[in-house]
Amino acid sequence: MTIQIDIEKLLMLAVDKGILDPLDVTSSRNLLLDLFRLDQPAAEPVTGAPEETIPEVLGRMVDAAGELGLVDSSIFELRALFDTRIMGLLMPRPSAVTAAFNRLREQVSSQAATDYFYQLSIDSNYIRMAEIARNKSWQTATEYGDLEITINLAKPEKDPRAIALALTQKSAQYPRCLLCPENVDYAGRIDFPARQTLRIVPLNLAGERWYLQYSPYVYYNEHCIVLGERHEPMVINRWTFAALLDFVRQFPHYFCGSNADLPIVGGSILNHNHFQGGRASFPMEQAPRTMTFAHPDFPEVEACQIHWPLTTLRLASANTDALVALADLILGTWRGYSDPQAEILHQSEHDGQLQPHNTITPIARRLPDGRYQLDLVLRNNRTTDEYPLGIFHPHPEIHAVKKENIGLIEVMGLAILPGRLQTELAGLRDWLLAGMDHSVLASPKHPLHKHLAWVEALAARGGLAGMVDAPSIDAALAQETGRLFKSGLEHCGVFKQDETGTVALKRFLVATGFIF
């Protein structure tokens, strides 16, 4: 009878959290009994508020499903598919979520609407907070302010059995990607996450139908995704700026930004147009001005460069039409701008075709005084023989820590570093405690060899002096990891924060029509 009792506990928790309407309890109970192939519920009623959480009860229910032969509960991916299937039987219909969201938005505030929607995403276990809590985070002080560093441990390494099982499955093209609206209530596959707990709400952005949902990985507070209705590639254009500003007009307590639309400088998903936003403040927001300028055609727009490792033009105005027009002018000029002295070419030929290199990562915010702010981060994805992954991409000397693209979130100063670093940094600590024998890591085959150069450089400049215990060494390695991330951001800056870079940036600004 244990599973029947857990069914009752789950129903009570779902009602208590507002996921399940009391009128729907009998229906959901019967659906759960059917899922577990049971003929009847618990013989005695379960009373009293459960002291457990929904994830805890779900975990036991999946274990029970494994004992009943309904799922191989020893494989993480299959567990996730099954526990999402369970919660899907308790979820409100998408139309009901949209109705509740819109009612709160109209009668209370847009913040009340997102508060409801975000909490539903947590309570339903769509956002797996227990797993996200495993992430390791700290801050590293730099000349640009305190950067935020996170080692992403929420997504475990794929189980080899799951990889093998995926190879036996038929290839599927539905949904077309992880961001398509068709993901709502999709049951998932061994190689594609279940989405029975996903809910999205429609929005009108600059005249187009888009949708709001939350990221299941929440890299920061209320991390949301704003996705296009159609499966179309990422694009940065005049409409993008209008849509970002329209979003923060409707949800002034959120920021909203877009990854760039070219490989290397874009995000991990380039085939579906989308934005990211949330209720969070990033180190970039606090960056001071380093140079101000103005455009004679847009006197109502304040413009400046900020002290940030990536070249960022910050615009602010109460007039969103002027902001959009000036941002579009900057984008158009940058798309066609070349400066060989600064290693910037706007296009080059590859396999007989011209490939564009220049684009922008834009970020919109609503300021406390009611004005709108638009950060335009200049990006270039050109490669060379020396830098095959990109001239303005993290360089080889920091690949041991960060090799992946620098996307929107990291542009703003929040590092999302691979989970492997947790084990590797611990291994480096143990190596240092054992006496720092160079020969141990000298072999390129050693899993920690890739870190040898930066750790020895840290030691050579006295960064490990006097550190003889595990906590102090852990702290030193963490701080150096953060400084390496800072270097990676600097590598991505098209105009460096020095005299040569400032002169080169002024050449671009003059070409755009700015005056000083």
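Below or above, wherever it landed, is the structure these notes cover.

Rules used throughout
Residues numbered from 1 in each chain as written. Predicted model: local features only at pLDDT ≥ 70, side-chain atom pairs only at ≥ 80, totals over all residues. Heavy atoms only, no water. Helix = DSSP H or I, 4+ residues; strand = E, 2+ residues; numbered from the N terminus. Rg over C-alpha atoms; globule rule 2.2 N^0.38 Å. Buried < 20%, exposed > 50% of the residue type's maximum accessible area, 1.4 Å probe, protein only. Contact = heavy atoms within 4.5 Å. Areas by Shrake-Rupley, 256 points an atom, 1.4 Å probe, with all protein chains shown as cover. Lys, Arg positive; Asp, Glu negative; His and termini not counted. Charge placed at Lys NZ, Arg CZ, Asp CG, Glu CD. Core = buried A, V, L, I, M, F, W, Y, C linked by side-chain atoms within 4.5 Å. Axes fitted to C-alpha atoms, helices over the stretch in contact; angles between N-to-C directions. Parallel < 35°, antiparallel > 145°, perpendicular 65-115°, else oblique. Left-handed = near helix turned anticlockwise from the far one by under 90°. Nonpolar A, V, L, I, M, F, W, Y, C, P; charged D, E, K, R; others polar. Salt bridge = Lys/Arg side-chain N within 4 Å of Asp/Glu carboxyl O. Phe/Tyr/Trp six-rings, centres within 6.5 Å; stacked < 30°, edge-to-face > 60°.

Looking now at the overall build of the chain. A tally of regular secondary structure across the chain gives 16 helices and 15 strands. A compact globule built from 516 residues would reach a C-alpha radius of gyration of about 24 Å, and the chain, at 25 Å, matches this within 12%. The principal-axis extent of the C-alpha atoms belonging to the chain is close to 80 × 65 × 50 Å. In the chain, which comprises 516 residues, the share counted as buried stands at 52%. In the chain, 64% of the contacts between residues at least 6 apart in sequence involve partners at least 24 apart. Accessible surface for the chain amounts to roughly 22800 Å². Of this, 52% is attributable to carbon and sulfur atoms. The centroid of the 46 positive side-chain charges in the chain is displaced by 2 Å from the centroid of its 61 negative side-chain charges.

Attention shifts here to the nonpolar core. If you look at the biggest cluster of nonpolar residues, it comprises 105 residues, and the most contacted ones within it are Ile 86, Val 226, Phe 247, Phe 495 and Phe 508. With nine residues, the top contributor of residues to this core is helix H10 (residues 320-335). One finds Leu 147, Phe 282, Ile 416 and Cys 492 within the second-largest nonpolar core, a separate group that totals 49 residues.

With that out of the way, let us pick up the packing of helix H12 (residues 420-433) against helix H15 (residues 470-492). Look at H12 against H15: their axes get within 10 Å of each other, and the N-to-C directions meet at 130°. Viewed along their axes, H12 and H15 adopt a mutual orientation that is oblique. For the element pair H12 and H15, the recorded crossing hand is right-handed. Contacts between H12 and H15 involve Leu 425, Leu 428, Arg 429, Leu 432 and Leu 433 from the former and Ala 470, Ile 473, Asp 474, Leu 477 and Thr 481 from the latter. Of the residues assigned to the contact of H12 with H15, the class counts are seven nonpolar, one polar and two charged.

Before going further, it helps to spend a moment on the pattern of salt bridges. It is possible for side chains of opposite charge to pair when their charged atoms get near one another. Taken as a whole and assessed by the stated rule, the structure comprises 33 salt bridges. Arg 128 is the partner of Glu 131 in a salt bridge, and the nearest nitrogen-oxygen pair spans 3.8 Å. Given a relative accessible area of 17%, Glu 131 falls into the buried group. Between Glu 424 and Lys 450 there is a salt bridge whose closest N-O contact spans 3.1 Å. A residue pair is termed long-range when its members are at least 10 positions apart, and Glu 424 in helix H12 and Lys 450 in the loop between helix H13 (438-441) and helix H14 (452-460) qualify at 26 residues. Through salt bridges with shared partners, a single network forms among Asp 6, Lys 9, Glu 52 and Arg 60.

On the secondary structure map, Gly 266 appears in the loop between strand S6 (255-257) and strand S7 (274-278). For Gly 266, a relative accessible area of 0% puts it in the buried group. Separated by 95 residues in sequence, Gly 266 and Thr 361 have C-alpha atoms that sit 8.2 Å apart. Discounting chain neighbours no more than four positions away, the residues touching Gly 266 are Asn 259, Ala 260, Asn 405 and Gly 407.

In this section: the packing of aromatic side chains. What the rule picks out here adds up to 22 aromatic pairs. Here Tyr 144 and Trp 308 contribute two aromatic rings whose centre-to-centre distance is 6.3 Å and whose plane-to-plane angle is 70°, an arrangement assigned as edge-to-face. With Tyr 144 in the loop between strand S1 (136-142) and strand S2 (145-151) and Trp 308 in the loop between strand S9 (302-306) and strand S10 (312-317), this residue pair connects regions lying 164 residues apart in the sequence. In this pair, the class of Tyr 144 matches that of Trp 308, namely buried. Seen from their ring centres, Phe 255 and Phe 282 are 5.3 Å apart, and the 85° between their planes marks the pair as edge-to-face. A residue pair is termed long-range when its members are at least 10 positions apart, and Phe 255 in strand S6 and Phe 282 in the loop between S7 and strand S8 (289-293) qualify at 27 residues. Both residues of the pair, Phe 255 and Phe 282, belong to the buried class. Aromatic rings pair up to connect Phe 101, Phe 117, Tyr 118, Tyr 214, Phe 247, Phe 251 and Tyr 254 into one cluster.

The quantities given are spatial measurements derived from coordinates; they are silent on function.
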